[in-house]
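Analysis of the macromolecular model
Residue-level listing of the chains:
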Amino acid sequence: MKSYVIIGLGRFGTALALKLQELGNEVMVIDENAEQVQKLSNRVTYAVVGDARDEEVLVSLGVRNVDCAVVAVGSDLAASILITLNLKALDVPMVICKAPDDLQKRALEKVGADRVVIPERELAAKMAQNLSSSSVLDYIELSSECGIIEMKPPAAWKGKTIRDLNIRAKYGVNVIAMRNGSGQITVAPGPDYAIQEQDIMVILGGSDELHLVQKL
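Under an unreviewed UniProt entry, the name given to the protein is TrkA family potassium uptake protein, and the source organism is Candidatus Avoscillospira stercoripullorum.

Next up, the structure:
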């Protein structure tokens, strides 16, 4: 179980907090809007009304002890920068910020954000990946250079083992998990795993390599 603090309860921050809580994590949310905080008070671990621009507020809430902080205060760049500086001063190990565009993304990276996401763009990239290939069931962008896809095996791979196909050497990707027709998951399948008709493959690789695999 990891601990998170989500600062800002717009649509993105709220959805993220609820999903992290659903996955079994400890989640604290902070927002100046008491009504928004009240809505989540019984759905996350801690829900607090407060101004995260004030470092003393963050200290009093024990934010320095969380594993990851997410700054999701919307398009207010000044607030995002100040909150990010506060979190870095408290040595929070991972600070992720939401930005509306590349300009704010660059500014937040310069003040120390470990990662800056533009949710609308990442959602669009994920949708494009899904729509571009009927075999791809899901796509997770880890960075602009790599990601994870969940896909049906190409017809030519069915009945063959991972060793037979030499997937890593030939295609430059790694099969990190397989899910069979009954839903059973095999993590890091060995070279003798034979790919079946109903299997779903979870593959990690560079964006270019994954794109090529989708076309097989």
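Scanning the protein for helices and strands turns up nine helices and 11 strands. The principal-axis extent of the C-alpha atoms belonging to the protein is close to 60 × 35 × 30 Å. For the protein, the proportion of contacts with a sequence separation of at least 24, taken over those separated by at least 6, is 51%. If you sum the accessible surface of the protein, you get close to 11700 Å²; carbon and sulfur atoms cover 52% of it.

Attention now moves to the side chain of N86. Along the polypeptide, N86 turns up in helix α4 (residues 77–89). Residue class for N86 comes out buried when judged on its relative accessible area of 7%. A polar atom in the side chain of N86 sits 3.2 Å from the backbone oxygen of A52. Beyond its immediate chain neighbours, meaning those up to four positions away, N86 contacts A52, R53, D54, E55 and L58.

Before going further, it helps to examine the pattern of salt bridges. What the rule picks out here adds up to eight salt bridges. Note that D192 and R163 form a salt bridge whose closest N and O atoms lie 2.9 Å from each other. One end of the pair, D192, is in the loop between β10 (185–187) and β11 (200–206); the other, R163, is in helix α7 (residues 162–165), and 29 residues separate them in sequence.

Our next topic: the side chain of S80. Within the element layout of this structure, S80 appears in helix α4. Not counting residues up to four positions away in its chain, the partners in contact with S80 are V71, V73, G74 and L108.

This next bit is on the packing of α4 against helix α5 (residues 102–110). Where α4 contacts α5, the two axes come as close as 10 Å, and the packing angle between them is 20°. By the criterion of interaxial angle, the relationship of α4 to α5 is roughly parallel. Crossing hand, α4 versus α5: right-handed. Where α4 approaches α5, its residues L77, S80, I81 and T84 are matched on the opposing element by Q104, A107 and L108. Class assignment of the residues belonging to the contact of α4 with α5 gives a composition of four nonpolar, three polar and no charged.

Cut-off values and rules
Residues numbered from 1 in each chain as written. Predicted model: local features only at pLDDT ≥ 70, side-chain atom pairs only at ≥ 80, totals over all residues. Heavy atoms only, no water. Helix = DSSP H or I, 4+ residues; strand = E, 2+ residues; numbered from the N terminus. Contact = heavy atoms within 4.5 Å. Areas by Shrake-Rupley, 256 points an atom, 1.4 Å probe, with all protein chains shown as cover. Buried < 20%, exposed > 50% of the residue type's maximum accessible area, 1.4 Å probe, protein only. Polar contact = N/O pair within 3.5 Å; in protein donor to acceptor, adjacent residues only side chain to side chain. Salt bridge = Lys/Arg side-chain N within 4 Å of Asp/Glu carboxyl O. Axes fitted to C-alpha atoms, helices over the stretch in contact; angles between N-to-C directions. Parallel < 35°, antiparallel > 145°, perpendicular 65-115°, else oblique. Left-handed = near helix turned anticlockwise from the far one by under 90°. Nonpolar A, V, L, I, M, F, W, Y, C, P; charged D, E, K, R; others polar.

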